[in-house]
Amino acid sequence: MVTDPIADYLTRIRNAIKARHRVVEIPASNIKKEITKVLFEKGYIQSYKFDEVGPQGVIKIALKYNPLTKQSAIVKLQRVSKPGLRKYSGATTVPRVLSGLGTVILSTSKGVMTDKEARTLNVGGEVLCFVY
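One structure accompanies this document, and this report is about it. (Residues numbered from 1 in each chain as written. Predicted model: local features only at pLDDT ≥ 70, side-chain atom pairs only at ≥ 80, totals over all residues. Heavy atoms only, no water.)

### Some words on helix α2 (residues 30–41)
In plain terms, the rule: A helix here means a DSSP run of H or I that spans at least four residues, while a strand means a run of E at least two residues long, and both kinds are numbered starting from the N terminus. Under the convention used throughout, the expected extent of a helix is 1.5 Å for every residue step, that is, one less than its residue count. Three exposure classes are used, based on accessible area relative to the maximum for each residue type with a 1.4 Å probe and protein chains only: buried under 20%, partly exposed in between, and exposed over 50%.
Here α2 spans 17 Å end to end across 12 residues, near enough to the 16 Å set by a 1.5 Å rise per residue. Every buried residue of α2 is listed here: Lys32, Lys33, Ile35, Thr36, Val38 and Leu39. In the stretch just after α2, Gly43 is the one whose phi turns positive, near 85 degrees.

### A closer look at the side chain of Ser81
Put simply, the rule reads: Here a polar contact means two N or O atoms within 3.5 Å. Within protein one must be a hydrogen donor candidate and the other an acceptor candidate, and residues neighboring in sequence count only if both atoms are side-chain atoms. Should any heavy atoms of two residues lie within 4.5 Å, those residues are counted as being in contact.
Along the chain, the position of Ser81 falls in the loop between β4 (77–79) and β5 (88–89). Looking at Ser81, its side chain comes within polar contact range of the main-chain nitrogen of Lys87, at 3.1 Å. Not counting residues within four places of it along the chain, the set of residues in contact with Ser81 comprises Arg86, Lys87, Glu126, Val127 and Leu128.

### A short note on the pattern of salt bridges
Here is the rule we go by: One side-chain nitrogen of Lys or Arg within 4 Å of one carboxyl oxygen of Asp or Glu is enough to make a salt bridge.
All told, the structure shown has nine salt bridges when counted by the stated rule. Here Lys60 ties to Asp51 by a salt bridge, and the two come within 3.3 Å at their closest N and O atoms. Each of Glu25, Lys49, Asp51 and Lys60 takes part in one network of salt bridges that share partners.

### With respect to the sheet that holds strand β3 (residues 58–63)
This is how it is decided: What makes two strands pair is DSSP finding at least two bridges between them. The angle between two axes is taken between their N-to-C directions and runs from 0 to 180 degrees, where each axis is a line fitted to C-alpha atoms and a helix contributes only its stretch in contact.
Strand order in this open sheet of three strands is β1-β3-β2, and the pairing throughout is antiparallel. With one partner strand each, in any of the chains shown, β1 (23–27) and β2 (45–51) form the two edges of the open sheet. On average, each strand axis in the sheet is inclined to that of its neighbour by 20 degrees, with strand direction left out of account. Where β1 meets β3, five bridges bridge the pair, whose relative direction is antiparallel. Bridging from a neighbouring strand, Val23 pairs with Ala62 of β3. Taken strand by strand, helix α1 (residues 5–18) contacts β1 and β3, and its axis lies near 165 degrees from that of β1. This element, α2, spans β1, β2 and β3 of the sheet and lies at about 155 degrees to β2.

Below, the structure written as structure tokens:
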């Protein structure tokens, strides 16, 4: 049993990047699916597929690497809000990563979205992770 499924999700992606894997399989949940969609929309992963295998299902993520330098598109994945200490942000105080070059993923009342979308919609929420 995993106490923090989102941290497990991010750790599996980090480990796959360090091991230079092309594809990583992660147990599925609704919030993990939404985070995967955001990562794909922002260009951090190449593709994804949701397989409904077993009771829970699996997310298959194809990681993205630079063809010349073999560097991953994801430099850092950092979990912000944890089960022991939740971090919330209002609509006006949504944090920025690398002065706007990185992405903050938020869980809001309107769904999982990036910091830029949250500012546009003027909503705040739980700060899930930083990606750059």
